[in-house]
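Chain by chain, the residues:
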Amino acid sequence: MSLEQKRILTTSIPGPKSVELQKRRTAVVSAGVGTMLPVFIERAHGAILEDVDGNQLIDMGTGIGVVTIGHTNPGVVSAVQEQVAKLTHTLFTVAPYEKYVRAAELLAAHSPGSFPKKVAFFNSGAEAVENAVKIARRATGRTEIAVFDHAYHGRTSLTMAMNFKAHPYATGFGPLPGSIHHAPMSYPFRDPEGMTGEQAAARTITYLEKRVGASQLAAVFIEPIQGEAGFIVPAPGFLKTIDSWCKANGIVMVADEVQSGMARTGKWFASQWEDGFDPDLVTVAKGIAGGMPLSGVVGRAEIMDSAHAGGLGGTFGGSPTAVAAAVAVMEQFEQGDWLNRAQEIGALIVKRLTEMMAIYPIIGEVRGVGAMQAFELVMPGTLDPNQPATEALLKHCHKNGVVVLNAGTYANVVRLLPPLSISDDLLHEALDVISEGLATL
Ligand code: PLZ
């Protein structure tokens, strides 16, 4: 399929067909399932979404970092088409198939760490995180789990307790499971000025030692770049210092790379940007399968093997079409220029946003790595979050055919997760719309 890589607005946003669909949707879809965009999408290719009224929008969100190599990437489409006509389901734990093994080989080969690794596949990011909790508890014989302030790990009963924000993720959905401990994160923009990664790690470690006790902890879960939090990049040295402390105390270090992984930052995994950070387990999802639902846990063979036979599984985990798509995605990462492209995109975005920051003092910080960039909006000259301006800017972008996402504990961060197949021209156009939006604030 192809679609001209151009922003085209044929109606106002939302157009009449989207408005009609919105009525049908409200009548039958649970109010608990919110939506950001007021339009319904008919098809997509590359960096362009086409809605039911024929509007073409630039997608700077990729469904929260999922279609990393572009919508309807031809290699992924043909891999899925071929697979769907051949075999769609056996359940790997009933009767296995080769593509699951091939996807596991590719993931094990490119995930952080040079030690022997093993893999298990699931459906969603939250399910991968839950399984990593199970595996870490089984491997250590311990119960307690540490997570970080501002973190996001999912919407299931266990993972909603691992999120920092109670609202909207857990409001009224309790009781929440226990044995989850929230520890201070390194958040350079809001930490005391000049605080190093090592100092922030010392603060975290003291907190966990006093509050939980190192000997009680099965695992520490960290997003090496926090996603929903608004792309908080911890100060250099933070990850590695926490990791060394985990290693010295027999605690499993889990990197949740559901959002930051799979070539998004210009390396296969964001963890690989910090020397000396060697997570034992990594959770993946989103970008691994080009839009097909797939997640996984990959990591040290002896930890992954500590789960007894039959202890891990699920009907649809690693289904044939999903792993076929994952193989197509990962083979493209191996052969193509996607990692470099992620860095080029990052450099272009940073340059443009930094220019905007010089003009518009409501931009407090521009941050991120590779094609995972965000900016935080504040009341000029302060650290006070500027949530109304963020909302207004998002609305402006959506009305003008550019899909950007919000984020942040204080809902004051705009994040950009463009497909790596986007052209420089289209990227500039999207950034122009952001810049015009900032000018109207
Ligand atoms: N871990 C680091 O970013 C998903 C949530 C979208 P699932 N983030 C997007 C929403 O509002 O539901 C995420 C993540 C990190 C885990 C998850 C959970 O992944 O595939 O959504 O379950």
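Residues numbered from 1 in each chain as written. Predicted model: local features only at pLDDT ≥ 70, side-chain atom pairs only at ≥ 80, totals over all residues. Heavy atoms only, no water.

Caption draft 1: Local environment of the overall build of the chain. Looking only at helices and strands, one finds 13 helices and 15 strands in the chain. Counting only C-alpha atoms and orienting by the principal axes, one finds that the chain spans roughly 60 × 60 × 45 Å. Taking all 441 residues of the chain together, the buried fraction comes to 56%. Across the chain, every contact between residues at least 6 apart in sequence was considered, and the portion connecting residues at least 24 apart equals 75%. When the accessible area of the chain is evaluated, it comes to approximately 17,800 Å², of which 55% is carbon and sulfur surface. With 35 positive and 43 negative side-chain charges, the chain shows a separation of 4 Å between the mean positions of the two kinds. (Helix = DSSP H or I, 4+ residues; strand = E, 2+ residues; numbered from the N terminus. Buried < 20%, exposed > 50% of the residue type's maximum accessible area, 1.4 Å probe, protein only. Contact = heavy atoms within 4.5 Å. Areas by Shrake-Rupley, 256 points an atom, 1.4 Å probe, with all protein chains shown as cover. Lys, Arg positive; Asp, Glu negative; His and termini not counted. Charge placed at Lys NZ, Arg CZ, Asp CG, Glu CD.)

Caption draft 2: Inspection of the domain arrangement of the chain at higher detail. Taken domain by domain, the chain holds domain 1 (1-59), domain 2 (75-335) and domain 3 (337-441). The straight-line distance from the C-alpha centre of domain 1 to that of domain 2 is 32 Å. (Domains from an automatic or database assignment.)

Caption draft 3: Looking closely at the sheet that holds strand E7 (residues 217-222). Spatial strand order, E4-E10-E9-E8-E7-E5-E6: seven strands in an open sheet with mixed pairing. With one partner strand each, in any of the chains shown, strand E4 (117-122) and strand E6 (180-183) form the two edges of the open sheet. Each strand axis lies, on average, 20° off the axis of its neighbour in the sheet, ignoring direction. As paired elements, E4 and strand E10 (residues 295-300) share six bridges and run antiparallel to each other. Each bridged residue has a counterpart across the sheet, and for Val119 the counterpart in E10 is Val298. (Pairing = 2+ DSSP bridges. Axes fitted to C-alpha atoms, helices over the stretch in contact; angles between N-to-C directions.)

Caption draft 4: Geometry of the site of the ligand. In the region of the ligand, 14 residues are neighbours, and Gly125, Ala126, Arg155, Asp256 and Gln259 sit closest. Within the backbone of Ala126, one N or O atom sits 2.8 Å away from an oxygen atom of the ligand. In this structure, an oxygen atom belonging to the ligand sits 2.7 Å away from a side-chain N or O atom of Arg155. (Near = heavy atom within 4 Å. Polar contact = N/O pair within 3.5 Å; in protein donor to acceptor, adjacent residues only side chain to side chain.)

Caption draft 5: Inspection of the layout of surface pockets at higher detail. Each pocket or cavity is described by its volume, and for the second largest pocket that value is around 480 Å³. Lining of the second largest pocket is provided by 24 residues; of these, Phe92, Tyr100, Val119, Ala120 and Leu312 occupy positions nearest its centre. Tallied by class, residues from the lining of the second largest pocket come to 13 nonpolar, seven polar and four charged. (1 Å grid on protein atoms, 1.4 Å probe; cavity = no way out; pocket = protein on both sides within 12 Å on 5 of 7 lines; lining within 4 Å. Points joined across faces, edges and corners; volume = space filled by probe spheres on them. Nonpolar A, V, L, I, M, F, W, Y, C, P; charged D, E, K, R; others polar.)

Caption draft 6: Geometry of helix H12 (residues 387-399). Taking 1.5 Å per residue, 13 residues should reach 18 Å; H12 reaches 18 Å between its end C-alpha atoms and fits that length. A distance of 3.2 Å separates the backbone nitrogen of Ala389 from a side-chain oxygen at the start of H12, and that oxygen is part of Asn386. Of the residues trailing H12, Gly401 is marked for its positive phi of about 80°. (Expected span 1.5 Å × (residues − 1).)

Caption draft 7: Expanded view of the pairing of strand E12 (residues 372-377). The buried count for E12 comes to six of six residues, which makes it a mostly enclosed element. Residues Met372, Ala374 and Glu376 point to one face of E12 and Gln373, Phe375 and Leu377 to the other, with burial holding for every one of them. With six bridges joining them, strand E11 (residues 363-369) and E12 adopt antiparallel strand pairing. Among the inter-strand pairings, Val369 is bridged to a residue of E12, identified as Met372. Between E11 and E12, which pair antiparallel and follow one another directly, the connecting turn spans two residues, one of which, Gly370, has a positive phi of 60°. With four bridges connecting them, E12 and strand E15 (residues 413-416) associate as antiparallel partners. The residue bridging Phe375 from the neighbouring strand is Val414, located in E15.

Caption draft 8: Looking closely at the nonpolar core. With 90 residues, the main nonpolar core has Leu107, Phe121 and Ile288 as its most contacted residues. The dominant element in this core, judged by the number of residues it contributes, is helix H10 (residues 320-335), at nine residues. Ignoring anything within four residues of it in the chain, the contact list for Leu107 reads Val119, Phe121, Met262, Phe269, Val284, Ile288, Val298 and Met330. (Core = buried A, V, L, I, M, F, W, Y, C linked by side-chain atoms within 4.5 Å.)

Caption draft 9: Structural view of helix H13 (residues 424-440). With 17 residues, H13 ought to run about 24 Å at 1.5 Å a step, and its terminal C-alpha atoms sit 24 Å apart, in line with that. Every buried residue of H13 is listed here: Leu426, Leu427, Ala430, Leu431, Val433, Ile434, Ser435, Gly437 and Leu438.

Caption draft 10: Here's a closer look at a nonpolar patch on the surface. Nonpolar side chains collect at one region of the surface, where Val28, Val29 and Val33 lie side by side and expose about 260 Å² of accessible area between them. Within the element layout of this structure, Val29 appears in the loop between helix H1 (16-28) and strand E1 (41-45). (Patch = residues over 30% accessible without salt bridge, like charges linked within 9 Å, V, L, I, M, F, W, Y side chains within 5 Å. Salt bridge = Lys/Arg side-chain N within 4 Å of Asp/Glu carboxyl O.)

Caption draft 11: Unusual backbone geometry, seen in detail. Note that the residue after His167, namely Pro168, is joined by a cis bond; omega there is 10°. Examined against the element boundaries, Pro168 turns out to sit in the loop between helix H6 (157-162) and E6. The step from Gly174 to Pro175 runs through a cis peptide bond, and the omega angle for that step is 5°. Phi is positive for Thr72, which is not a glycine, with a value near 40°.

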